[in-house]
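Per-entry structural report
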Amino acid sequence: MKLVVVESPAKAKTIEKYLGSGHRVLASFGHVRDLPPKDGSVDPDQGFDMLWQVSPDRSKQLKAITDEARNADTLILATDPDREGEAISWHVQEVLRQKKALPSNVQRVTFNAITNSAVTEAMKHPRGLDEDLIDAYRARRALDYLVGFTLSPILWRKLPGAKSAGRVQSVALRLIVDREREIEIFRPQEYWQVSATFEADGQRFTARLVQLDGNKIDRLTIGNRGDADAAKAVVEAGRFTVASVETKPFAKNPPPPFTTSTLQQEAARKLGFSASHTMRVAQSLYEDGLITYMRTDGVDMAPEAISAARRAIASRYDAGFVPDRPRQYQSKIKNAQEAHEAIRPTDFDRPRAASGDHARLYELVYNRALASQMASARLERTTVELTDGAGRAVLRATGQVVLFPGFIVLYDEGRDDPQDEEGARMPALREGDAPLKTGVDATQSFTQPPPRYSEASLVKRLEELGIGRPSTYAATLQTLKDREYVRVEKARFVPEESGRLVTAFLERFFEKYVSYDYTAELEEELDDVSGGRLNWQKLLDDFWRDFKPKAGEVMDQKPSEITAALDEFLAPWLYPPRADGSDPRVCPQCGNGRLSLRGGKFGAFVACSNYPDCKYTQKFGQGGDQAQSDGPTDLGDGILLKSGRFGPYVERGDKRGSIPKDVPLEDVTAEVAERLLSLPREIGPHPETGKPITASIGRYGPYLAHDGKYAKLGSTAEVFETGMNAAVAKLADAASGGGRERSASREPIAMLGKHPNGKDVKVMAGRYGPYVSDGTTHATLPKGADPKTVTLDEAVRLIDERSAQGPAKKGRRPARKKKAK
């Protein structure tokens with residue numbers, strides 16, 4: 001018997017069907033081991049030896065794999081075809097070796113799509129594990145661990161309120177903060193544009209004033225309403241004819257098929273998906289055999305896929321839409337590996353598949369992949385100048401004339417910012433034509449600061465800089481939101497004050513390690529490890545040799561010294577110039593005290609130096625303009641979005657629905673609200689009992705219900721996407737105890753540092769509420785205390801007080817009183 005190990009149960013079921021008898025396919029459910037979240041999991045003094053621990057929620061799967069492996073003559077490791085997939089295979093092999101259950105014949109196979117032909121062909125070409133990819137995984141995991149477990153305790157000790165730092169996470173946060181700084185120092189400048197609208201051959205176009213009375217009109221030339229109205233009057237009075245037409249033909253080539261990052265970008269632009277949602281839906285499409293592997297930075301397709309795409313184009317359009325030769329693409333992105341195909345449909349004869357968000361994402365993947373093999377669009381860039389009879393004004397219109405649409409008939413790539421006027425469509429005009437003038441406008445505008453990053457533009461920028469890997473972007477952005485370092489407004493990232501403070505701290509004390517160039521160079525070195533060009537332990541040794549002394553130097557500084565350094569570093573932002581020219585550091589309350597940054601129990605704030613005589617304080621940062629209205633928002637269809645005591649909710653009539661925590665407020669549209677208000681959703685009758693299975697959201701999150709029994713769902717999206725087969729499986733798993741959660745998480749909420757007794761102090765979630773512990777003594781936090789903002793000093797005090805009380809005494813149950821006769 002041959003045992004095949006894959007990641008997900010959906011893949012396991014499909015692949016076992018393809019392979020037939022003689023094969024047993026089991027799922028590992030992702031990674032089976034990880035580094036324990038405690039000091040010492042990576043030992044730099046022992047060649048960066050790593051202490052791996054079986055994940056508690058994977059022990060059931062590992063036992064099943066181990067039991068089957070003892071009876072198998074061959075182990076086939078068929079996890080995903082990337083570094084993480086290679087690492088999962090390695091972990092499974094190592095666990096089986098330790099348990100003395102490893103079959104004598106071990107093979108590694110990879111396939112880019114879960115189709116019968118792809119899987120059976122892969123089984124014919126097994127190989128061994130790729131040690132270079134495994135080394136690259138170990139190097140990356142160790143780096144992230146060393147950075148996180150070295151920086152985070154420093155943050156907890158020196159920067160109250162800070163939660164964590166990470167190698168890529170902190171650099172992504174710096175990008176967001178740097179953009180916010182650009183926006184804050186930007187000074188808008190007023191300008192006016194005078195333009196006229198015309199119509200020719202039934203097509204409208206706009207022409208802008210570029211010359212008036214012999215003077216050239218640039219963007220900022222007209223700076224006030226008076227000049228604008230005077231120019232507008234001239235244009236209104238003029239009769240315009242076409243003085244010149246300049247055309248320049250050009251070809252527009254289709255974009256390549258999707259990579260992981262371009263899929264995330266385009267799904268954000270066109271579908272409004274977050275990066276994490278895009279990857280969840282893409283994973284499901286891949287496991288259903290509808291698209292190829294979705295974690296890739298390759299941009300080309302397999303020859304047989306290109307041939308299938310060309311046949312589909314020929315059958316759907318005429319021969320002119322099929323180019324003479326197949327298109328080949330090369331990535332222009334720094335550090336691209338191109339080890340795998342681009343993301344494409346597995347069947348080009350299937351333009352539509354699935355339903356809901358899955359159908360929308362599949363159609364996007366299909367159209368992009370098909371368009372990538374279509375003929376170029378032929379366009380004509382046209383510049384038209386129109387003059388009035390008096391020769392006072394010259395107007396200019398620029399745009400494009402489509403001569404042959406080519407791939408644009410199917411797909412046009414989205415943009416992060418509005419399209420400029422050169423991309424507008426133009427009618428065909430000739431010299432001497434007198435198009436109909438339909439209106440004249442004088443429009444006031446102000447120069448605009450650079451836009452805040454959206455998920456799409458941030459992913460694009462990270463990729464351009466060579467920071468992180470495409471498969472990690474979704475998790476990185478989600479971490480920034482979970483840590484509350486950023487918030488999302490109108491689909492754009494805005495740094496929170498805690499995010500700005502952490503970024504300032506890292507820039508001031510660890511500048512090298514949050515620099516864009518250094519982070520990108522480290523990514524290149526990690527790629528060298530995966531290519532076998534660099535030893536992974538040498539990479540870690542070079543990093544640790546500089547990083548450890550720097551971390552020790554900062555840890556030795558007093559919190560007051562850290563705060564003083566940050567006060568100086570952030571002075572231009574904390575104390576902006578005042579309109580009257582007075583010293584911005586002078587206390588506005590007492591008039592002679594000096595303002596400076598202070599650290600407190602609940603984070604940083606600005607206070608007067610004359611405290612306690614002067615008690616003036618202000619919130620960290622300038623954020624007075626960030627207050628938001630608490631009034632209801634009308635979403636349409638009679639639905640209101642409101643904010644209540646327990647958070648935001650939607651309301652229509654007497655029906656209400658809370659907004660789940662995993663649904664960003666800016667994503668709540670009338671359609672989303674309608675779905676929330678329609679809950680519970682009936683999935684259908686249970687195949688065994690005939691009683692309905694419903695999905696809904698309750699006090700403790702999303703869940704399934706059937707005949708008085710319940711099963712937890714992982715996300716709000718699952719409430720609306722879970723089908724009958726998955727629902728029955730989840731309910732059965734919950735009934736057997738597989739879905740039952742432990743009463744308390746064993747992973748700490750926060751690691752605070754060392755107790756004077758030398759033990760690690762951590763914040764834990766317990767059955768009766770959060771508590772602090774040094775591993776021996778547990779002390780419950782005071783009622784209402786935020787477990788995320790507890791300081792080390794507070795925790796030590798609570799632990800010492802609890803320890804002084806001695807062990808808890810178990811009281812005897814009082815005797816039951818006898819009833820009087």
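Residues numbered from 1 in each chain as written. Predicted model: local features only at pLDDT ≥ 70, side-chain atom pairs only at ≥ 80, totals over all residues. Heavy atoms only, no water.

Digging into the overall build of the protein chain
- The helix and strand inventory of the protein chain stands at 22 helices and 32 strands.
- Residue burial in the protein chain is summarised as follows: out of 821 residues, 47% are buried.
- Expressed as a percentage of contacts within the protein chain between residues at least 6 apart in sequence, the contacts between residues at least 24 apart total 66%.
- Looking at the protein chain as shown, the accessible area adds up to about 42200 Å², and 47% of this sits on carbon and sulfur atoms.
- Within the protein chain, the 116 negative side-chain charges are centred at a point lying 8 Å from the centre of the 120 positive side-chain charges. (Helix = DSSP H or I, 4+ residues; strand = E, 2+ residues; numbered from the N terminus. Buried < 20%, exposed > 50% of the residue type's maximum accessible area, 1.4 Å probe, protein only. Contact = heavy atoms within 4.5 Å. Areas by Shrake-Rupley, 256 points an atom, 1.4 Å probe, with all protein chains shown as cover. Lys, Arg positive; Asp, Glu negative; His and termini not counted. Charge placed at Lys NZ, Arg CZ, Asp CG, Glu CD.)

Considerations on the pairing of strand β7 (residues 74–77)
- Side chains T74 and I76 of β7 all project onto a buried face; the interleaved residues L75 and L77 project onto the opposite face, where all are buried too.
- When strand β1 (residues 2–6) meets β7, the two strands line up parallel, connected through 4 bridges. The partner of L3 across the bridge, within β7, is L75.
- Pairing of β7 with strand β8 (residues 105–108) involves 4 bridges; the strand directions are parallel. Each bridged residue has a counterpart across the sheet, and for I76 the counterpart in β8 is Q107.
- For the handedness criterion, the β-α-β arrangement of β7, helix α3 (residues 83–98) and β8 is classed as right-handed. (Pairing = 2+ DSSP bridges. Right-handed = clockwise from strand over helix to strand, strands pointing away.)

What to know about the nonpolar core
- Of all hydrophobic cores here, the largest spans 95 residues; its most connected members are F505, F510 and L566.
- Among the elements that take part in this core, helix α5 (residues 131–158) stands out by supplying 12 residues, more than any other.
- In this structure, A78, A377, F404 and A474 belong to the second largest nonpolar core, which totals 62 residues. (Core = buried A, V, L, I, M, F, W, Y, C linked by side-chain atoms within 4.5 Å.)

Overview of the confidence of the model for the protein chain
- Averaged over all residues, the pLDDT of the protein chain is 85; the fraction at 70 or higher stands at 91%.
- A low-confidence stretch, residues 809–813 stays under pLDDT 50, and its non-local contacts, those more than four residues away or across chains, total 0 contacts. (pLDDT = per-residue confidence, 0-100.)

Description of the pattern of salt bridges
- Under the criterion given, the structure shown has 47 salt bridges.
- When the shortest N-O distance is used, the salt bridge between E94 and R97 registers 2.6 Å. Pair noted here: E94 and R97 are both in helix α3, with a separation of 3 residues, about one helical turn.
- Given the relative accessible area of 18%, E94 is considered buried.
- Of the charged contacts, one joins D542 and R545 as a salt bridge, the two residues approaching to 3.2 Å between their closest N and O atoms. Pair noted here: D542 and R545 are both in helix α16 (residues 536–555), with a separation of 3 residues, about one helical turn.
- Within this structure, R140, D144, R167 and E523 form a network of salt bridges that share partners. (Salt bridge = Lys/Arg side-chain N within 4 Å of Asp/Glu carboxyl O.)

Focus: the packing of helix α2 (residues 59–70) against α3
- At their nearest, the axes of α2 and α3 sit 11 Å apart, and the two run at 65° to each other. Crossing hand, α2 versus α3: right-handed. On α3, the residues that touch L62, I65, T66 and A69 of α2 are V92, V95 and L96.
- For the contact of α2 with α3, the class distribution of residues is 6 nonpolar, 1 polar and no charged. (Axes fitted to C-alpha atoms, helices over the stretch in contact; angles between N-to-C directions. Left-handed = near helix turned anticlockwise from the far one by under 90°. Nonpolar A, V, L, I, M, F, W, Y, C, P; charged D, E, K, R; others polar.)

Considering the state of the cysteines
- Within this structure, the stated rule accounts for 0 disulfides.
- Here C587 stays unpaired: no disulfide links it, and the sulfur of C608, its closest cysteine neighbor, is 3.7 Å away.
- You can call C587 buried: its relative accessible area is 2%.
- Not part of a disulfide, C590 finds its nearest cysteine sulfur in C608, a span of 3.7 Å.
- With a relative accessible area of 31%, C590 lands in the partly exposed category. (Disulfide = S-S within 2.5 Å.)

Notes on the packing of aromatic side chains
- If you walk through the whole model with that rule in mind, you get 19 aromatic pairs.
- Plain terms: the ring middles of F198 and F205 are 5.6 Å apart, the flat faces sit at 20° to each other, and that makes the pair stacked. Accessibility assignment for this pair places F198 and F205 in one class, buried.
- Measuring from ring centre to ring centre gives 6.2 Å for W544 and F547, while their planes differ by 45°; the resulting arrangement is tilted. Of this pair, W544 and F547 both sit in helix α16, separated by 3 residues, roughly a single helical turn.
- Judged by relative accessible area, which is 1%, F547 ranks as buried.
- Cluster of aromatic residues (ring-pair linked, three or more members): F505, F509, F510, Y513, Y518, F543, W544 and F547.
- The ring of W573 carries R500 above its face, with NZ or CZ at 4.0 Å from the centroid.
- Stacked on the ring of F720, the Lys or Arg R675 has its end atom at 4.4 Å from the ring centre. (Phe/Tyr/Trp six-rings, centres within 6.5 Å; stacked < 30°, edge-to-face > 60°. Lys NZ or Arg CZ within 6 Å of the ring centre and 35° of its normal.)

Quick word on empty space enclosed by the protein
- Scanning all chains against the criterion turns up 4 cavities of 30 Å³ or more.
- Forming the boundary of the largest cavity are 14 residues, of which V147, G166, R167, Y513 and V514 lie nearest the centre.
- At the level of secondary structure, the elements contributing two or more residues to the lining of the largest cavity comprise α5, α15 (516–530) and α16.
- In the lining of the largest cavity, the residues fall into 10 nonpolar, 3 polar and 1 charged. (1 Å grid on protein atoms, 1.4 Å probe; cavity = no way out; pocket = protein on both sides within 12 Å on 5 of 7 lines; lining within 4 Å. Points joined across faces, edges and corners; volume = space filled by probe spheres on them.)

Details of the environment of S355
- With respect to the helices and strands, the residue S355 is situated in the loop between α10 (303–316) and α11 (356–371).
- We classify S355 as exposed; its relative accessible area is 55%.
- Sequence separation between S355 and E721 is 366 residues; the distance between their C-alpha atoms is 9.0 Å.

What to know about the sheet that holds strand β30 (residues 760–766)
- Spatially, the 4 strands line up as an open sheet ordered β29-β30-β31-β32, and their pairing is antiparallel. Two strands lie at the open edges of the sheet, namely β29 (750–754) and β32 (778–780), each paired on one side alone. On average, each strand axis in the sheet is inclined to that of its neighbour by 25°, with strand direction left out of account.
- Bridge analysis of strand β31 (residues 769–773) against β32 gives 3 bridges, and the strand direction is antiparallel. Paired with S773 across the bridge in β32 is H778.

A word on the packing of α5 against α16
- Contact pair α5 / α16: the axes reach a minimum separation of 11 Å and the direction vectors enclose 0°. Compared by their axis directions, α5 and α16 come out roughly parallel. Contacts from D135, R138, A139, A142, L143, L146, V147, T150, L151, P153, I154 and K158 of α5 reach α16 at W536, L539, L540, F543, W544, F547, A551, V554 and M555. (Parallel < 35°, antiparallel > 145°, perpendicular 65-115°, else oblique.)

Here's the deal with the side chain of S55
- Here S55 shows up in the loop between β6 (53–54) and α2.
- The exposure class assigned to S55 is buried, which follows from its relative accessible area of 16%.
- Setting aside its immediate chain neighbours within four residues, S55 contacts H31, V32, R33 and D34.

Considering helix α12 (residues 455–465)
- Across the 11 residues of α12, 8 count as buried, placing the element largely inside the fold.
- Regarding α12, the residues found buried are E455, A456, S457, L458, V459, L462, E463 and L465.
- Those residues of α12 that are buried are in contact with α6 (169–185), α8 (260–271), α9 (275–287), α13 (473–482), β17 (492–495) and α15.
- Within two residues after α12, G466 carries a phi angle of roughly 75°, on the positive side.

Quick look at the sheet that holds strand β25 (residues 681–685)
- Pairing within the open sheet is antiparallel, and its 4 strands lie in the order β25-β26-β27-β28. Each edge of the open sheet carries a strand with a single partner, namely β25 and β28 (709–712). Here the average twist between neighbouring strands, direction ignored, is 25°.
- Sitting on the sheet, helix α21 (residues 724–735) touches β25, β26 (692–698), β27 (701–706) and β28, and the angle it makes with β28 is about 105°.

Here's the deal with the environment of L458
- Its location among the elements puts L458 in helix α12.
- Each C-alpha atom of the pair L458 and L19 lies 42 Å from the other, and the pair is 439 residues apart in sequence.
- When near neighbours in sequence (up to four residues on either side) are disregarded, L458 contacts A172, L175, I176, Y453, L477 and F493.

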